[in-house]
Amino acid sequence: MKLDVIERLLANLEVGVGAFASCDIRRGHQLTFEARPAAGVHYCLTGKGTLRIRNGKTVEVRQHSFVLLPPNVIYSLGANEKEESDSVPRRRLRVPLFKESVPTIRAGEGATGIVTVCGEIRFEGVGIPGFFAQLSEPMIEHFDGPDGLREQFIVLLAESARPQFGTRPLTEALLKQCLILLLRRKIERGAPPLPWIAALADKGLSKALHAILHRYSEPFTVETLASIAGMSRASFASRFTRAFGQTPICLLRSARLSRARELLATSDGSIDQIARCVGFSSRSSFSHAFRQAYEIDPSAFRASSLVGADSTL
C-alpha cells in the first residue's frame, strides 16, 4: 500500500517552472541568492563548489549533483577555494520567468570554478505543497555516471531560452522526472527525504491516506478516518498533521478538488455529477471550494480545458 500511495501522490504532482538560468561562478567568487517563496534548484554541469545556507547547513556540490532547497532561505554558492568569506564579491540572482534568452549569470573572472543550472520550482497537486513545505534543509543527490541528469537540464535551458509551443509542459515534465528520480534514490537507500514518506511506514496512517486518495465520494470525518487508522481521534489527528504537514480534512479536500479538476478536463459528466462523485453535498459548496483552490469557476475551467471529453464518470 505504501508504494501505491506514493504513486498516487506523484501522479498528482504538478511542477511550476520559474526563473531558470546558467550560473557560471569563477574561482574566488560566489553568488548569494535572496529568500524566495519558491523552492530552489541547482544542477551542477561542471566543476565543484560549496553551497551554504545562511545560519544553516553547508553542502559540497560537484558535477552531476542535484540540489533541492527549501523555500524562504538565503544561501550562497561559491567555487571551492581557500579564501576569507568577507572578501568574496556577492551578486544576487534575479531572473524573470521565461525571458527571451536565458542569461548566463557570471560571478567574477578568471579560472572556471563551478557551472550550474539554477532556478525556482513550485509544487502543486494533492497535498504536495504541504508535503514539500516540510523540507527544512537541502536535499542533495549525486547522479554519478557518464551523463547524470545533464541532458534533462540542457534541454530545460534550451527550451527556456527560446520558448515555443509546448515549452511549459515540456520543462515541467523534465523537472518532475528529475524530482521523482531524486526521491527514488533517497527511498531506495532507506533514507526517507521527507517526514511524510517515513510516516507511510505507519500502517494506520498509510491506510487513512490511502482512503483519502482513493475513496473520494465517502463522507469521511476525522472520526471515521481515525477508525480506519485504528487510532483514537486525538492521536490520529495529531500524528497525521505532524506527519503530513496538514490536517486530515485539509488533505481530504485537496484530494477531492484535484480529482474533480481531473474529471472536469477528461469526462463529460455534469458539474453536479462530478461534485457528488468527489464527495461534495451540493454544486454550490463544490464551486465555492473549487474557486478558493484554483481561482476559477468549475465551468470556466472546463471551458478552458483543451482535453477532449470522450470518457464518462
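Check the entry above for the structure.
Note that the coordinates shown come from a computational prediction; the quantities given were computed from them, not determined experimentally. (Residues numbered from 1 in each chain as written. Predicted model: local features only at pLDDT ≥ 70, side-chain atom pairs only at ≥ 80, totals over all residues. Heavy atoms only, no water.)

1. What about the packing of helix α9 (residues 248-266) against helix α11 (residues 283-294)?
Contact geometry of α9 with α11 gives a least axis separation of 10 Å together with a crossing angle of 95°. As judged from the angle between their axes, α9 and α11 are roughly perpendicular. The segment α9 lies against α11, with R253, L257, S258, A260, R261 and L264 engaging F286, A289, F290, Q292, A293 and Y294. Of the residues contributing to the contact of α9 with α11, the split by class is eight nonpolar, two polar and two charged. (Axes fitted to C-alpha atoms, helices over the stretch in contact; angles between N-to-C directions. Helix = DSSP H or I, 4+ residues; strand = E, 2+ residues; numbered from the N terminus. Parallel < 35°, antiparallel > 145°, perpendicular 65-115°, else oblique. Contact = heavy atoms within 4.5 Å. Nonpolar A, V, L, I, M, F, W, Y, C, P; charged D, E, K, R; others polar.)

2. Quick notes on α11
Owing to its 3.6 residues per turn, the α-helix aligns residues three or four sequence positions apart on the same side. For α11, built from 12 residues, the straight-helix expectation of 16 Å at 1.5 Å per residue is met to within 8% by its first-to-last C-alpha distance of 16 Å. Within α11, the full set of buried residues consists of F286, S287, A289 and F290. Along the long axis of α11, the arc covered by the buried residues comes to 165°, so they all point the same way. Among the exposed residues of α11, those oriented more than 90 degrees off its buried face are S284 and Q292. Those residues of α11 hidden inside the fold are in contact with α9, α10 (271-277) and α12 (298-304). In the stretch just after α11, E295 is the one whose phi turns positive, near 60°. (Expected span 1.5 Å × (residues − 1). Buried < 20%, exposed > 50% of the residue type's maximum accessible area, 1.4 Å probe, protein only. Arc of directions from axis to C-beta.)

3. Structural notes on the state of the cysteines
Under the definition given, this model contains one disulfide. Put simply, C23 and C118 are joined by a disulfide, and their sulfur atoms are 2.2 Å apart. Judged by the torsion about the S-S bond (50°), the C23/C118 disulfide is right-handed. One end of the pair, C23, is in strand β1 (residues 14-26); the other, C118, is in strand β8 (residues 112-124), and 95 residues separate them in sequence. A relative accessible area of 0% means that C23 is categorised as buried. Residue C118 is classed as buried on the basis of its relative accessible area, which comes to 0%. (Disulfide = S-S within 2.5 Å.)

4. Side note on the pattern of salt bridges
Per the counting criterion, the structure on display carries 13 salt bridges. A salt bridge links D24 to R26, with the shortest nitrogen-to-oxygen separation between them at 3.0 Å. We classify D24 as buried; its relative accessible area is 8%. Residue classification places R26 among the buried positions, given a relative accessible area of 12%. The partner of D144 in a salt bridge is R62, with the nearest N and O atoms 2.7 Å apart. Here R62 lies in strand β4 (residues 58-62) and D144 lies in the loop between β9 (139-142) and α3 (150-161), a separation of 82 residues in the sequence. D144 gets classed as exposed once you look at its relative accessible area, which sits at 52%. Look at the salt bridges and you will find they share partners, linking D24, R26, R106 and E109 into a network. (Salt bridge = Lys/Arg side-chain N within 4 Å of Asp/Glu carboxyl O.)

5. Notes on unusual backbone geometry
One non-glycine residue, N72, lies in positive phi territory at about 60°. If you trace the backbone, N72 turns up in the loop between β5 (65-69) and β6 (75-79). Residue class for N72 comes out exposed when judged on its relative accessible area of 54%. Even without being a glycine, E295 presents a positive backbone phi close to 60°. Among the structural elements, E295 can be located in the loop between α11 and α12.

Interpretation in functional terms is not warranted from these geometric data alone.
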